[in-house]
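# Residue-level structural notes
In case you want the letters, here they are:
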Amino acid sequence: METGETTRYRQLAKTWLTPSPNTVIIQPTTFCPMDCGYCYLPNRHRKKDMSASTAEAIVQGMADYWFTGKPVEVVWHGGEPLAVGVDKFEELLQPFEPLRAAGKIVQRVQTGAILITDAWCDLFKRYEIDVGVSIDGPEHTNRNRVDRGGRPTFDRAVKGIEKLKEHGLPFTTLAVVTIEGTTRAVETLDFFAELGCHWVGLNIEAKEAANVNGITPEIDQAQRFWRDAFEWAAEHPEVTIRDVDSLAKFLSYDADLRTVDGRHDLIPTISWDGKVVLLSPELLGVHDARHNDFVVGNVVDTPLSALLADVTTVPYVREFLDGLNACKQSCQFWNYCQGAHAGDRYFEHGSFAATETSHCQVAFQAPALALAELLREG
Ligand code: SF4
């Protein structure tokens, strides 16, 4: 018989978790040729590649009911996904082809761009793969992006981006903003506009997984950064800034809609050998006394849909639901923020049930405060 506690968590899961994943993250290889100062991946020096049979098992484990709405996003993320090699990557794509042909999935790679060649561009075109590039802005803001010999990778990344442009491939960018970077919003965004990217995500540096010594800026530093970003965005409608856009969208809803609770995606992240972690890709490879390795199962033995069928039995998912509940009861930013990201609670406080983090301050509270300040000033 179901206990009261089980019923309670099932109810919370219905409110705050999507019934099926919108995004699935797949690690084609653990290896990354880069060694960025803030990287969260603990095993990026090892080269373990996914097998075709594991890719096949992922596809076989997806349930039909996942594909009744908009396409599920399949993100190939690493390590450096391109380190697996063009031929091997193409082999991994094959099981996904029927889903792509039927418009049931869209695919994306997130890459440091230093390995992009004509052959990769050709593959991205043939398989309609969107490309997201991780680059932090102009050369001096990329000091953390180095290879294993400590050499800067900026020139090689820009060369890779030029290749994409030669082939007429659009790309988005994801940038890490360090504490110094918070004073350089305009310079950073000008760089991305000149680079020709149409969408940019700005991640203010957080303490995560292997990046346990990450220094997150103070909320007032982040607020100044976002204020500059809002002013820049008003002058540059050709570039979408993720966080500016999401806040603008939120404000465009009518008042009733703004109070509706959003649902968190479980974001199943699948390791090279089929292990699945939930809620945060940064949990892959992390060990913890209470949650062990955060792995809820392996797609090689159990269909992915079965692993996601009742996640309220997973202790860290329960903790996260408690954290969301506590946020909703206590935080004035809840309607916009909806509890931010699970991983940051764990990496900052050791528990998913924690509420406020320095990440939620700089990534959710600070943009809202910056916009409120600008609106007050007229
Ligand atoms: S801003 Fe922080 S404390 Fe507030 S709802 Fe979001 S995560 Fe929770």
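Refer to the structure above for everything that follows.
Here goes a summary of the coordinates provided. Bear in mind that the values here come from a model prediction, so they are computed numbers and not experimental data.

## Considering the site of the ligand
The full set of residues close to the ligand is Cys327, Cys331, Phe333, Trp334, Cys337, Gly339, Ala340, Arg345, Glu356, Cys360 and Gln365. Going through the elements one at a time, helix 13 (334–337) and helix 15 (358–377) are the ones with two or more residues in the shell around the ligand. Within the shell around the ligand, the residues separate by chemical class into seven nonpolar, two polar and two charged.

## Some points on the packing of helix 1 (residues 4–16) against helix 12 (residues 315–330)
Between two packed helices, the angle of one axis relative to the other and the distance separating the axes together describe the packing. Orientation of helix 1 relative to helix 12, taken along the N-to-C sense of each, is 65°, at an axis distance of 10 Å. Taken as axis vectors, helix 1 and helix 12 run roughly perpendicular relative to one another. Between helix 1 and helix 12 the crossing geometry is left-handed. For the pair helix 1 and helix 12, the contacting residues are Glu5, Thr6, Arg8, Tyr9, Leu12, Ala13 and Trp16 in the first and Arg318, Leu321, Asp322, Leu324, Asn325 and Lys328 in the second. Residue composition of the contact of helix 1 with helix 12, grouped by class: six nonpolar, two polar and five charged.

## Side note on the packing of aromatic side chains
The relative placement of two aromatic rings is captured by the distance of their centres and the angle of their planes. Counted according to the given criterion, the structure contains 17 aromatic pairs. Where Phe250 meets Tyr336, the ring centres are 5.4 Å apart and the plane angle is 55°; that geometry is what we call tilted. Placement of the pair is Phe250 in helix 9 (residues 242–252) and Tyr336 in helix 13, with a sequence separation of 86 residues. Pair check on accessibility: Phe250 and Tyr336 agree, each one buried. An aromatic cluster is built from Trp76, Phe89, Phe96, Trp120 and Phe124, whose rings are joined through pairwise contacts. The positively charged end of Arg8 is found above the aromatic ring belonging to Tyr9, 4.7 Å away from the centroid.

## Here we look at the pairing of strand 2 (residues 72–76)
Across the five residues that make up strand 2, a large majority, four, are buried. Pairing of strand 1 (residues 23–26) with strand 2 involves four bridges; the strand directions are parallel. In the strand pairing of strand 2, Ile26 is matched with Trp76.

## Focus: empty space enclosed by the protein
Counting across every chain of the model gives three cavities of 30 Å³ or more. Quantified by volume, the largest cavity comes out at close to 70 Å³. What lines the largest cavity is simply Asp136, Thr141, Ala175, Val176, Val177, Thr178, Gly181, Arg184, Thr188 and Phe225. At three residues, strand 5 (residues 171–177) tops the list of elements feeding residues into the lining of the largest cavity. Among the residues forming the lining of the largest cavity, the class breakdown is four nonpolar, four polar and two charged.

## A look at the pairing of strand 4 (residues 129–134)
Counting buried positions over the six residues of strand 4 gives five, a clear majority of the element. As paired elements, strand 3 (residues 105–111) and strand 4 share five bridges and run parallel to each other. Considered in strand 4, the bridge of Val109 is made with Val131. In terms of handedness, the path from strand 3 via helix 5 (residues 118–126) over to strand 4 forms a crossover that is right-handed. Bridge count for strand 4 against strand 5 is four bridges, and the pairing is parallel. In the strand pairing of strand 5, Val133 is matched with Thr173. Following the backbone out of strand 4, through helix 6 (residues 154–166) and into the adjacent parallel strand 5, one traces a crossover that is right-handed.

## Examining helix 6
Each turn of an α-helix holds 3.6 residues, which means side chains three or four residues apart point in the same direction. The end-to-end C-alpha separation of helix 6 is 18 Å, in line with the 18 Å expected for 13 residues at 1.5 Å each. Taken as a whole, helix 6 has its buried residues at Phe154, Ala157, Val158, Gly160, Ile161 and Leu164. Seen from one end, helix 6 has its buried residues packed into an arc of 155°, which puts them on one side. Residues of helix 6 that are exposed and point over 90 degrees away from its buried face: Asp155, Lys159 and Glu166. Of the surrounding secondary structure, the elements contacted by the buried residues of helix 6 are helix 5, strand 4, strand 5 and helix 7 (185–195). Gly168 sits one or two positions beyond helix 6 and adopts a positive phi of about 70°.

## Topic: unusual backbone geometry
Here Ala113, not a glycine, exhibits a phi torsion of approximately 75°, which is positive. Within the secondary structure, Ala113 is located in the loop between strand 3 and helix 5. Since its relative accessible area comes to 0%, Ala113 is described here as buried. For Ile267, which is not glycine, the phi torsion reads 40° and is therefore positive. Within the secondary structure, Ile267 is located in the loop between helix 10 (255–258) and strand 8 (269–270). For Ile267, a relative accessible area of 21% corresponds to the partly exposed category.

Criteria and thresholds
- All residue numbers refer to positions counted from 1 along the written sequence of the respective chain.
- Totals for whole chains, interfaces and linings use every residue, but because this is a predicted model, local features are given only for residues with pLDDT of at least 70 and side-chain atom pairs only at 80 or more, for both listing and counting.
- To get the side-chain values, all heavy atoms of the structure are used, and hydrogens and water are removed first.
- Nearness here has a simple test: a residue counts as near a molecule or strand if at least one of its heavy atoms is within 4 Å of that partner.
- Secondary structure elements are taken from DSSP: a helix is a run of H or I of four residues or more, a strand is a run of E of two residues or more, and numbering for both begins at the N terminus.
- Note on residue classes: Ala, Val, Leu, Ile, Met, Phe, Trp, Tyr, Cys and Pro are nonpolar, Asp, Glu, Lys and Arg are charged, and everything else, Gly too, is polar.
- An axis is simply a line fitted to the C-alpha atoms; with a helix, the fit covers only the stretch in contact. Between two such axes, the angle follows the N-to-C directions and lies from 0 to 180 degrees.
- When an angle is under 35 degrees it counts as roughly parallel; over 145 it counts as roughly antiparallel; between 65 and 115 it counts as roughly perpendicular; any other value is oblique.
- When the near helix sits turned anticlockwise from the far one by under a right angle, the crossing is termed left-handed; a clockwise turn instead gives a right-handed crossing.
- In what follows, residue pairs with any heavy atoms lying within 4.5 Å of each other are defined as contacts.
- Aromatic rings from Phe, Tyr and Trp, taking only the six-membered ring of Trp, are treated as a pair when their centres fall within 6.5 Å; an angle between ring planes under 30 degrees marks them as stacked, one over 60 as edge-to-face, and anything in between as tilted.
- Per-residue accessibility, obtained with a 1.4 Å probe over protein chains only, is compared with the maximum for each type, and a residue is labelled buried under 20%, exposed over 50%, and partly exposed between these values.
- Geometrically, a lysine NZ or arginine CZ counts as sitting over a ring once it is within 6 Å of the ring centre and also within 35 degrees of the ring normal.
- Two strands form a pair only when DSSP identifies at least two bridges running between them.
- For cavity detection a 1 Å grid was placed over the protein atoms alone, and a set of points counts as a cavity when a 1.4 Å probe fits there but cannot get out; an open set counts as a pocket when protein lies on both sides within 12 Å along at least five of seven lines, with lining residues being those that have an atom within 4 Å of a point.
- Grid points are joined across faces, edges and corners, and a volume is the space filled by probe spheres set on the points.
- A right-handed crossover is one whose linking path, passing over the helix from the first strand to the second, runs clockwise when the strands point away from the viewer.
- A helix's residues, less one, multiplied by 1.5 Å, set its expected span.
- This arc describes the spread of directions from the helix axis toward the C-beta atoms.

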